[in-house]
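Spelled out from the first residue to the last, the chains are:
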Amino acid sequence: MNRTIVISQILVIEQAPGWLVAALNHAIIAGVLLIGGAITMMLQVWVERRLIARMQDRLGPNRVGPEGILQSIADGIKMFTKEDIIPRAADRWVHLLAPIVALAPIAMMLAVLPWGRGLVAVDLEVGVLYIAAVSSISGVGLMMAGWGSRNTFALLGAMRSIAQLIAYEIPLIIALLGIVLLTGGMSLARMPELQAGIPLFGSSIPGAPDLGLGWFIFTPVGLLGGIIFFICALAEGERTPFDIPEADSEIVAGYMTEYSGMKFAVFYIAQYLLNFALAVLSAVVFLGGWQGPGVAWLADAGLGAAASLLSLLWLLLKAWGLFMLMVVIRAAVPRLRVDQLMSFAWKYLLPLALVNVASAALWVGLTEWSSIEWGNLLPVDGLAPWQRIGVAALVTAVINLGATRWVLRINRAPAAAPVVVPA
Amino acid sequence: MSSEQQPGVIVVDRGHPATRDGRGLVRGIGVVLRHLRDAFGPRLERPEQTSGVFTVQYPEERTPLPEASRNLPILLFDDDSGHELCTSCYQCERICPPQVIHITQARDPASGKAVPAIDEFILEYDACMSCGLCAEVCPFDAIKMDHAFELSTATRDPLTVDRVGLARPVSYYAQLAPQAWAEARDGAMKKLQGSRRRRTGTVGMTPARAAPAPADAPAAPIADAAPAGEPAGGEPVPASDAKAARLAAIRARNAAATDAPAPDAAPAPAGEPVGGEPMPAGDAKAARLAAIRARNAARQREGGDA
Amino acid sequence: MSAHESQLLQVNIGPQHPSTHGVFRMEVTLDGETVVALRPVFGYLHRNHEQLAEASSYIQTMPYTDRLDYFNSMTSNYGYALAVERLAGIEVPQRASYIRALMSELTRILNHATAIGFMINDMGAWHTALQFGMREREKILDLFEMASGARMMCNYFRFGGVVRDLPPEFLPYFDQLMRGLPAFFDEFEQLLRDNEIIVARSSGIGILPRDVAAGYSVTGPVLRGSGVPYDIRRAEPYGIYGELAFDIPVGSVGDVYDRTLVRFAEMRQSYRILQQIRERLPDTGGGHINPALANFGKQKALRPPAGEAYARVESPKGELGFYLVSDGSTQPYRYKVRAPSFINLTPLGAMCRGHLLADVVVILGSIDIVMGEVDR
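In this text the structure is predicted, and so the values were computed from the model without any measurement. Position numbers for residues start from 1 in each chain and track the written sequence from start to end. Just so you know, chain letters begin at A and ligand numbers begin at 1, following the order they were written in. Only residues with pLDDT of 70 or above have their local features reported here, since the model is predicted, and side-chain atom pairs are shown and tallied only from 80 upward, although totals for entire chains, interfaces and linings are computed over all residues. Side-chain numbers come from the whole structure's heavy atoms, not from hydrogens or water.

**Things to note about the interface of chain B and chain C**
In plain terms, the rule: The contact definition used throughout considers only heavy atoms, calling two residues in contact when any of these lie within 4.5 Å. Buried surface area refers to the total accessible area, computed with a probe of radius 1.4 Å, that the two partners give up upon joining, counted for both partners together. A pairing counts as a salt bridge when a side-chain nitrogen of Lys or Arg comes within 4 Å of a carboxyl oxygen of Asp or Glu.
The interface of chain B with chain C comprises 46 residues on the first partner and 63 residues on the second. Interface area, chain B with chain C, both sides summed: about 4600 Å², of which 56% is carbon and sulfur. For the pair chain B and chain C, the interface holds six salt bridges. Here glutamate 136 of chain B and arginine 158 of chain C are joined by a salt bridge, their closest N and O atoms 2.5 Å apart.

Next up, the structure:
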């Protein structure tokens, strides 16, 4: 549906100037996304608290509103009414802008994610690149917070969190690169469209119904890439087991130490929203995004609006499912020490991500290249598309599995020899 | 490092790192997920269950406390006669480790001799450490440990409780700790008979029941006429009629309170005996009569003043 | 570090800190993230316990011993009662000894469950293991409330026995709890024992070699984690421990992981002891207190002959000892508490040297201190 026409119809402005319609168009979409983001964040806090409580044999907040759903609003009101303390030695402007710089890029990330079939705010050709670039700016906000607070602990915390973010962004992007190779482009809006069909074989089998389950995670490349991506997303969003910056038991609250009131709340919102955005991104890239059984069927039947709605539902289901997995991991697992965190990224995730890219390249070669491109070494032309996918799956599965076992084996620490500590 | 295996000594098994590789994490998450599943089921009721919601929704649900549970002390008085069991022997004041009990022995108004009864009994609830030694030492079963714990106040003063605030009928304690009271009752009542023989008039009666006519000098300390009835320290005998009227009004309210059960379950450290115990018919009628007389007297005085 | 100069940073952890297990301060000297030196500073919770006891009669001190190791008030009571009984030559009937051992082992289970939980919490596992431990602890506290009247400040022991016998509702509840405990132990271990992150954060951390541990006279799970099979219940049995069969778990490396494993194993051994006690309890006789001291008046008028006595119990944290000197009056001439947490803290600096700042909190959690004991 053409949103521009709809808006000009709603406004019933005769000969409305094009720029006004476009501006209102964008304003409404932005408003919907931001309000949706805010509501999502409040729901996230509620889900997290109740879910963790249930895992700990208790109930969680259930007094404010039905089943405690208004608890976030009560907490928000509390945050608003708290005194805003700025340390005297702090750099006022840096201290003030840090939360904004931390939150704004995450809100910007929401613009390029495809929320449903035909429901993407801005259809960028280089969506992946945009996401990677913009999410890094959020890290600058953390550094500003640590530096501007003029507090040793805050600076220590900020340094640690920047180190963590940088270290984990590399495997994150490389895992994404694997999928970029598979899809042949960086547009995020196109990725769900390519994940139609049946698991693993996608739409390559003629006559197979379009179940919307051709998700990349069912392919070996997507599986390894998805696991790496999810672990890196946990680290990017600073969730346990990578929450050294957020809730450090030694250095109070890390870079957020000197923040109070609404600014602290903004950091909090930024963290939850980033986690949600990363969950949506994981769903889009690896779990098929808005693809799911029934969407194609509704679309073919001419019920476009219903198809879009169903697709939105599927995406939200997947994103919330991933978020709940993040919550379960948070409840079950303690956090890694800073040096262990870094070595995990560099020694485990990065080699695997690189191997995954090589596997992805092999996959593309086996499924799309012709025999001539292979230098007539492989008789690929004679195989049907689904057979080529099968062969590629086998080959990449072997490579990925072997690489995983190899990385785990070479990283095994030798038996701890007792250290004689001078008395 | 211990390599010899001695009998009765076991070396803990550190496990083999090769068996981990992420599997330990996954099993841990499995445990947590099992608890998540059970948390949506029925609540954990029996101690042998290890999974399921374990908490209670306080204050709507309150877990019952066992008989021996001790929080803060109370002074018992006999339901029938209104006489306190305490004889002012000072044993609890002497044994109390943080020294929060302060007793003043009563004297016979006529002869000035000490009688086995209390004139004032102050207990600092905020410093009491609930050890229960006072209840253990008391030879007369007069001071016992109460179960009530919802005693929060906004200021510190109400936490210094006097004889009026500490008073509870024996029936209240009997319902708190039936087994313990059944063992102690006969001995305690016998000793009370002995003490009563040496008490004259209303000396040794719990103040709410020792209700003289409003104009008489009361034997009990006056509670402040604040609406919440917060007990204050002992004040001297009132000289003015206005104070006497206030005293009568408070006695009337206390007497009225002993007729009906307390409206809410949580007892406050006010002067009202709680528990809603049924009083013997004769005393109830006498109390009501006294209340009506007191109310009339107060109204008359205020009408006269205005 | 030879190519350039770097400054050492001195940092205070505590006294107000979520992970210091009470008001406790550590002055840590850091080189980057590595700990170069650590000096524990305590005394923030000093409440003059020993002098108070010297100014009170013997029974008046009993409620104060609850507040030494406030998690394990039963064992603190036990140690003090033992010391006075040795000083005054008081016999304890068989049933009372069984009840005392029952309470001690229940205390051991609740202490280890929550100590492990607190350490995992310090590692960042967001209370989950702690909640599971607390849930079992709540059930044991219900038992304590039935018997003694209070959950934590039990004041249950008297000279010559315990204040009252087990109420009728105690044993059925206890039997039900015992049925559920093995499942709890298994689940607790499954959650924590092979967890890679816990292993990574505790294996090889805070190693205390055997001879160093003995040299510092640490006791309890810290000592046994370092490989020394020393347990007072075996070395100098008190009460009925001489008649009970149990094993002593020891570690091999002496790191944080070993101490945690030793605590897991000790919980199971306590369960074993409880089973034996439960079997034999109905056949015990003698009452819950020495009849000569059943009247509270005798307790409060106790006048031990002049002399001295030292009694020690295996508290869940280590050797808890009480030293009493009597001059023949109703108040002790000298009263001294040998607190295990205090002594176990002394090698903290040695254990933390060379580790990172994040490990300091984990090592402290593995020693399992309670400030009530340390400062008295």
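Now that the structure is up, let's keep going.
**Section: the packing of helix 8 (residues 220-236) of chain A against helix 12 (residues 338-368) of chain A**
Residues and elements named next belong to chain A. Selection rule: Between the N-to-C directions of two axes lies an angle of 0 to 180 degrees, each axis being a line fitted to C-alpha atoms and, for a helix, fitted only over the stretch in contact. Secondary structure counts use DSSP, requiring at least four H or I residues in a row for a helix and at least two E residues in a row for a strand, with both numbered from the N terminus. The cut-offs work like this: below 35 degrees is roughly parallel, past 145 is roughly antiparallel, 65 to 115 is roughly perpendicular, and the gaps in between are oblique. With the far helix as reference, a near helix turned anticlockwise by less than a right angle produces a left-handed crossing, and one turned clockwise produces a right-handed crossing. Classification used: nonpolar for Ala, Val, Leu, Ile, Met, Phe, Trp, Tyr, Cys and Pro, charged for Asp, Glu, Lys and Arg, polar for all others including Gly.
It is the contact of helix 8 with helix 12, at a shortest axis distance of 9 Å, that shows an interaxial angle of 150°. In terms of orientation, helix 8 lies roughly antiparallel with respect to helix 12. For the crossing formed where helix 8 meets helix 12, the hand is left-handed. Seen from helix 8, the contacting residues are Pro220, Val221, Leu224, Gly225, Ile228, Ile231 and Cys232; seen from helix 12, they are Phe344, Leu349, Leu352, Ala353, Asn356, Ser359, Ala360 and Trp363. Tallied by class, the residues present in the contact of helix 8 with helix 12 amount to 12 nonpolar, three polar and no charged.

**So, the packing of helix 3 (residues 73-88) of chain C against helix 4 (residues 94-123) of chain C**
Residues and elements named next belong to chain C. Direction vectors running N to C along helix 3 and helix 4 enclose 145°, while the axes themselves pass 9 Å from each other. Two secondary-structure elements touch here, helix 3 through Met74, Thr75, Tyr78, Ala81 and Glu85 and helix 4 through Arg100, Met103, Ser104 and Thr107. Tallied by class, residues from the contact of helix 3 with helix 4 come to four nonpolar, three polar and two charged.

**Comments concerning the confidence of the model for chain B**
In low-pLDDT segments, the atomic positions of the prediction should not be examined closely. All names here are of chain B. The cut-off we apply is this: For every residue, the predictor assigns a confidence score, pLDDT, that lies between 0 and 100.
Looking at chain B as a whole, the pLDDT averages 77, with 71% of positions reaching at least 70. Confidence over residues 260-281 falls short of pLDDT 50; this stretch has 37 contacts with residues more than four positions distant or in other chains. Here the complex is predicted with pTM 0.82, and the ipTM for its interfaces comes to 0.86.

**Things to note about the interface of chain A and chain C**
Counting residues at the interface gives 28 residues for chain A and 32 residues for chain C. For the interface between chain A and chain C, the tally reads two salt bridges. As a salt-bridge pair, aspartate 57 of chain A and arginine 135 of chain C come within 2.4 Å of each other at their nearest N and O atoms. Those elements giving two or more residues to the side of chain A that touches chain C turn out to be helix 6 (152-183), helix 11 (304-332) and helix 12 of chain A. Counting residues per element, the side of chain A that touches chain C draws most heavily on helix 11 of chain A, which supplies three residues. Looking at the side of chain A that touches chain C, its residues break down into 14 nonpolar, four polar and 10 charged.

**Things to note about the domain arrangement of chain A**
All names here are of chain A. Where we set the bar: Where a domain begins and ends is set by an automatic assignment or by a domain database.
Annotation of chain A at the domain level lists domain 1 (7-81) and domain 2 (84-348). Using C-alpha coordinates to define each centre, domain 1 is positioned 18 Å away from domain 2. When domain 1 packs against domain 2, close to 1700 Å² is buried across both sides, 83% of that on carbon and sulfur atoms. Three residues, Gln44, Glu48 and Met79, lead the burial of domain 1 against domain 2; their summed loss comes to 35% of the area buried on that side. Between the two partners, domain 1 and domain 2, sit two salt bridges. Put simply, glutamate 48 and arginine 239 hold a salt bridge, and the shortest N to O gap is 2.7 Å.

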